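# Understanding the architecture of this molecule
Spelled out from the first residue to the last, the chains are:
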Amino acid sequence: ERPAGRPTNRANPEMMTLLREQGAEFGFRSGWEVPNWFARPGDSAGYQPSFKRTNWFEPVGRESEAVRDRVGVIDLSSFGVILVKGKDARTQLNRLFANSLPQKIGEGRIAHMLTPSGKVMSEMTVACTADNEFFLVTGGACDLHDIRWMESNLDSSSDVLVENLSDEWSCLGVAGPRSAQLLSSVFSESDFLQREWPLLSNNMLTSRSGIEARVMRISYTGELGWEVHVPTKSVSSLYADLMKKGEEFGVHPFGLYAMNSLRIEKGFRAWGAEISNDNSLHEAGMQGFICMKKGDFIGRKAVLEEVGRGLDQKLVMLEVQTDNVDPEGAEAVYCMDKVIGHTTSGCYGYETQKSLAMAYVSSLFLTPGLELSVDLQGVQRKAKVTSLPMIKPYHMR
């Protein structure tokens, strides 16, 4: 982390005050101050950089356990929000995204924009909020990147409006086995619990304190969970409501470090790591997010060509034998002293109690159980190829 110029100019002072009172240790994403982890009384607080496990290791484990066993709340206000509407919105987005679009109001999809060469330009959650209106959610620091790509590939004569609402909307993630109970106590119980909430569905709800929010059934932790998108002016009030009501459910704040560990154990890929404009969805094992039967889209021809010729590399999970150091990404992967790939993300998995890495390796080295090695701090650590995911996400259990 870089201490100069902090807090950043996109920080929400009210949210930062609430989070600091809970022990938040901040990082920054796209100009937003974001909680990386939370220090409790007795923890060693502050930024203590190290190439080995440092002062946040045990607290992050505590946060991961809370999300798996009870319920956690995370500030995801760095997420980008883009509204696309107009009579040609569906037609134009259908050409930009490789997946099919949600057909009904209240439905959602995970969808990717591809380059003409079939690589991944962007990953978004696409929610249909009205006829020819779509609420798009993208990762932190990606809003301007994605809008530039969209606007450069839209038909200039089409009736489509693209609006960046990232500053106007904030997001809170609520995840864990007791997340539905917590949300039903903050919103109207009958309004929340009587809905079916299929994966990626979304609804506009009003909290008991009068705050309107778009609630989506999705969580990057891989646990039962929702994203609660709320106007930025109201996010601190809703966060306070969630933490107050959550006391009876054992609520715990959690940060990006815990979310990263949880998502890697579930095998969730991240844009900029496992998927990027250097990799394809087939290489990432995400071909299920491509809808070839819908017709033409940017990158379709390249996808067909890739399927025909086969893959030179593919994404795998590695269990790394280590003690006080964990992979982070961009480490070389070896077989018999020959580099055969590289890691994309890594962490300690607090549920598996293993050091894990996702990695791209040559297609000759995909067999589960195969012994490889990963270079960590100049030492080749033994690693074993395993199947993705290590822990099944909630919707697959």
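So, a few notes on the structure that sits alongside this text. Just so we're clear, the structure is a prediction, and the values are computed from it rather than from any experiment.

What counts as what
Residues numbered from 1 in each chain as written. Predicted model: local features only at pLDDT ≥ 70, side-chain atom pairs only at ≥ 80, totals over all residues. Heavy atoms only, no water. Helix = DSSP H or I, 4+ residues; strand = E, 2+ residues; numbered from the N terminus. Rg over C-alpha atoms; globule rule 2.2 N^0.38 Å. Buried < 20%, exposed > 50% of the residue type's maximum accessible area, 1.4 Å probe, protein only. Contact = heavy atoms within 4.5 Å. Areas by Shrake-Rupley, 256 points an atom, 1.4 Å probe, with all protein chains shown as cover. Phe/Tyr/Trp six-rings, centres within 6.5 Å; stacked < 30°, edge-to-face > 60°. Pairing = 2+ DSSP bridges. Axes fitted to C-alpha atoms, helices over the stretch in contact; angles between N-to-C directions. Core = buried A, V, L, I, M, F, W, Y, C linked by side-chain atoms within 4.5 Å.

### Examining the overall build of the protein
The secondary structure content of the protein amounts to nine helices and 19 strands. The C-alpha radius of gyration of the protein comes to 21 Å, within 12% of the 21 Å expected for a compact globule of 397 residues. Structurally, the protein occupies a C-alpha span of about 60 × 60 × 45 Å along its principal axes. Classification of the 397 residues of the protein by burial places 56% in the buried group. In the protein, the share of contacts with a sequence separation of at least 24, taken over all contacts with a separation of at least 6, comes to 65%. Accessible area of the protein: about 17300 Å², with a carbon and sulfur share of 49%.

### Concerning the packing of aromatic side chains
Per the stated rule, a full pass over the model turns up nine aromatic pairs. Ring centres of phenylalanine 135 and tryptophan 169 lie 5.5 Å apart, and the angle between their planes is 80°; on these two criteria the pair is classed as edge-to-face. Of the two residues, phenylalanine 135 is situated in strand β7 (residues 133–138) and tryptophan 169 in strand β9 (residues 169–175); the sequence distance between them amounts to 34 residues. The same class applies to phenylalanine 135 and to tryptophan 169, which are both buried. Relative to tryptophan 226, the ring of tryptophan 197 has its centre 6.0 Å away and its plane inclined at 90°; by these criteria the two rings are edge-to-face. In this pair, tryptophan 197 sits in the loop between α6 (189–193) and β10 (202–206) while tryptophan 226 sits in strand β12 (residues 225–231), placing the two residues 29 residues apart along the sequence.

### Topic: the sheet that holds strand β3 (residues 71–75)
Taking strand neighbours across the sheet as the criterion, the six strands line up as β10-β11-β12-β9-β3-β13 in an open arrangement whose pairing is mixed. Where the open sheet ends on each side, the last strands, each with one partner, are β10 and β13 (251–253). The mean angle between the axes of side-by-side strands here comes to 25°, regardless of whether they run parallel or antiparallel.

### Thoughts on the nonpolar core
One recurring pattern in soluble globular proteins is that nonpolar side chains are buried together. Grouped together as the largest cluster of nonpolar side chains are 32 residues, with contacts concentrated most on Leu182, Val215 and Leu242. Elements that contribute at least two residues to this core include exactly α1 (13–21), β1 (24–29), β3, β9, α5 (179–186), β11 (212–216), β12 and α7 (235–245). The greatest single-element share of this core, amounting to five residues, is contributed by α7. Sequence-distant contacts of leucine 182, that is, excluding residues within four places in its chain, are made with Val71, Val73, Val174, Leu242, Lys245, Gly246, Phe249 and Val251. In terms of nonpolar packing, the next biggest core, distinct from the first, is built from 30 residues, Trp37, Val60, Val81 and Met216 among them.

### Notes on the side chain of glutamine 22
Residue placement: glutamine 22 occurs in the loop between α1 and β1. Judged by relative accessible area, which is 17%, glutamine 22 ranks as buried. If we skip the residues at most four places from it in the chain, glutamine 22 touches Phe38, Ala39, Arg40, Tyr239, Met243 and Pro253.

Geometry only, nothing functional implied.
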